[in-house]
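Structural characterization, general
Each chain is listed here by its residues.
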Amino acid sequence: MTSTSAHAHDVTDLGLAAEGVRRIEWAEREMPVLRLIRERFERDRPLDGLRIGACLHVTTETANLMRTLKAGGAQVVLAASNPLSTKDDVAAALVSEYGIPTFARRGEDRDTYYAHLNAVADTHPQLTMDDGCDLVSLLHSERPEQVKEVLAGTEETTTGVIRLKAMAADGALGFPVIAVNEAQTKHLFDNRYGTGQSTVDGILRASNILLAGRKVVVAGYGWVGRGIASRMAGLGAHVAVVEVDPVRALEALMDGYAVLTHTEAAAWGDLFVTATGNLNVFRREHFEAMRDGAIMANSGHFDAELDLPALQALAEGHVREVRENVQEFDLGGKKLHLIAEGRLVNLSAAEGHPASVMDMSFANQALSAEYVAAHHADLEPKVYVVPEAIDTEVARLKLAALGIELEPMTPEQADYVASWQHGT
Ligand SMILES: NC(=O)c1ccc[n+]([C@@H]2O[C@H](COP(=O)([O-])OP(=O)(O)OC[C@H]3O[C@@H](n4cnc5c(N)ncnc54)[C@H](O)[C@@H]3O)[C@@H](O)[C@H]2O)c1
């Protein structure tokens, strides 16, 4: 790590900055809502002087969010929210072209990951911006004296929101957090279409397999699982879903998929994708039942969805990299394959969500940051949904950017839907 230049940073190679800038600018073309917000932030400076500590996937889209927050007057510092999702050229560009202190190296080990989070915490953030709650957890567990310095936070993903709600229920959360994931203009599009498409992208870049005719098991039929299942089916795969929730299982069934238990699915599938936010979804007994050549990938937030220690133990050290981002586990008699070490596959083996969908997620982030900067004094240490006005505004701006007009109700219709006197 260095603090000798204009600002501290730890990235793999500053020489990659020019390529990073090219790719950040390419993504920016697909992010018109965030661009409009950035232009307004430049004029109004709603975040003037605010210290923001961000722990997000270091991608081209995140770079455009960082530029937006900086344009609003914030002092932004960024660390990676996953050891494998960092794009090294983007990290380099953030440091040398955009002047944003960044701590992220693709493939960093656990110690480096936490050293980077601590480097962000060292700047004493007043606003936290998390993807998976790691920065908030670090502050509460290891730096409790700093919690009172934080005015508010925002959280990007389902897993982080679940952790925050658990903290709030225990009375352990020290400041208000806006759950960006709860915005309709986030999870309906980002989790479903963004993760759906980019998960397929990651699996294909890593393996180059044909999906037509393949038996694909999707574990979890939430927003992410729905997206993955529909994109896999669209490419001709046979899709089976595994669920623990009866309503979601029924929905999967009526959407046209087989619904199996993990045990049934293990013996049936060729390709297994987890998206549950849960632990050890596929484990020893399932690995033992899987067929020779089966491939596994995870698109949930943490790599705990697959019981990797059990897989390692079954292979007794017979593990090798057979392609970039593909490990082969030789179980004696059959070989199982794992993509991107079980880290979220769309960000580890591909580029993450397309910029067009992150445009909406990060517009929610930027507007939520503006909201908490103005309203933190009125908020309690709880998890808040994104204000409806922000959600609607993001949708309105996105439609406008796409050149799509909305049909207004006639006064007669507005009156009709608001009244209770009209009957048969
Ligand atoms: N890869 C990405 O870029 C990306 C993007 C968004 C969200 N995520 C992550 O993906 C995960 C899922 O997010 P979501 O928004 O779909 O959440 P969700 O809560 O909508 O869906 C999760 C589903 O998994 C089911 N489930 C839980 N345990 C299960 C088990 N043992 N077996 C089968 N199903 C089980 C739940 O019933 C639920 O329907 C989270 O970890 C989230 O943080 C990743």
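Provided above is the structure to which this section pertains.
Because the structure is predicted, anything quoted here is derived from the model rather than measured. (Residues numbered from 1 in each chain as written. Predicted model: local features only at pLDDT ≥ 70, side-chain atom pairs only at ≥ 80, totals over all residues. Heavy atoms only, no water.)

Quick look at the site of the ligand
Not every one of the 27 residues close to the ligand is listed here, only the nearest: Thr 157, Thr 158, Thr 159, Glu 243 and Arg 248. Between the ligand and the protein, one listed contact pairs an oxygen atom with a side-chain N or O atom of Asn 191 at 2.9 Å. Note that an oxygen atom of the ligand is positioned 2.8 Å from one of the side-chain N or O atoms of Arg 248. Of all elements in the fold, only helix H8 (158-169), helix H9 (184-207), helix H10 (223-234) and helix H15 (345-348) reach the threshold of two or more residues within the shell around the ligand. Along the lines of polarity and charge, the residues of the shell around the ligand split into eight nonpolar, 16 polar and three charged. (Near = heavy atom within 4 Å. Polar contact = N/O pair within 3.5 Å; in protein donor to acceptor, adjacent residues only side chain to side chain. Helix = DSSP H or I, 4+ residues; strand = E, 2+ residues; numbered from the N terminus. Nonpolar A, V, L, I, M, F, W, Y, C, P; charged D, E, K, R; others polar.)

Notes on the packing of aromatic side chains
Inspection of the entire model under this criterion finds four aromatic pairs. Between the aromatic rings of Tyr 113 and Tyr 114, the centroid separation amounts to 5.2 Å while the plane-to-plane angle is 85°, which identifies the pairing as edge-to-face. On the basis of an interplanar angle of 70° and a centroid distance of 5.9 Å, the ring pair of Tyr 221 and Tyr 257 is categorised as edge-to-face. In this pair, Tyr 221 is assigned in the loop between strand E8 (215-219) and H10 and Tyr 257 in the loop between helix H11 (246-254) and strand E10 (258-259), connecting sequence segments 36 residues apart. For the pair formed by Tyr 221 and Tyr 257, the shared burial category is buried. Between the NZ or CZ atom of Arg 226 and the centre of the ring of Trp 223, over which it lies, the distance is 4.3 Å. (Phe/Tyr/Trp six-rings, centres within 6.5 Å; stacked < 30°, edge-to-face > 60°. Buried < 20%, exposed > 50% of the residue type's maximum accessible area, 1.4 Å probe, protein only. Lys NZ or Arg CZ within 6 Å of the ring centre and 35° of its normal.)

Section: the pattern of salt bridges
Once their charged atoms are close, side chains differing in charge can pair, the charge on each being opposite to the other. Under the defined criterion, the tally for this structure stands at 23 salt bridges. Note that Asp 89 is salt-bridged to Arg 23, the shortest N-O span being 2.8 Å. With a gap of 66 residues between them, Asp 89 in helix H4 (residues 88-96) and Arg 23 in helix H1 (residues 17-29) connect regions that are remote in the sequence. The partner of Asp 44 in a salt bridge is Arg 40, with the nearest N and O atoms 3.8 Å apart. Here Asp 44 pairs with Arg 40, and both are found in helix H2 (residues 32-44), just four residues apart, close to one helical turn. With a relative accessible area of 24%, Arg 40 lands in the partly exposed category. One connected set of salt bridges, linked through shared partners, spans Arg 23, Asp 89, Asp 201, Arg 205 and Glu 351. (Salt bridge = Lys/Arg side-chain N within 4 Å of Asp/Glu carboxyl O.)

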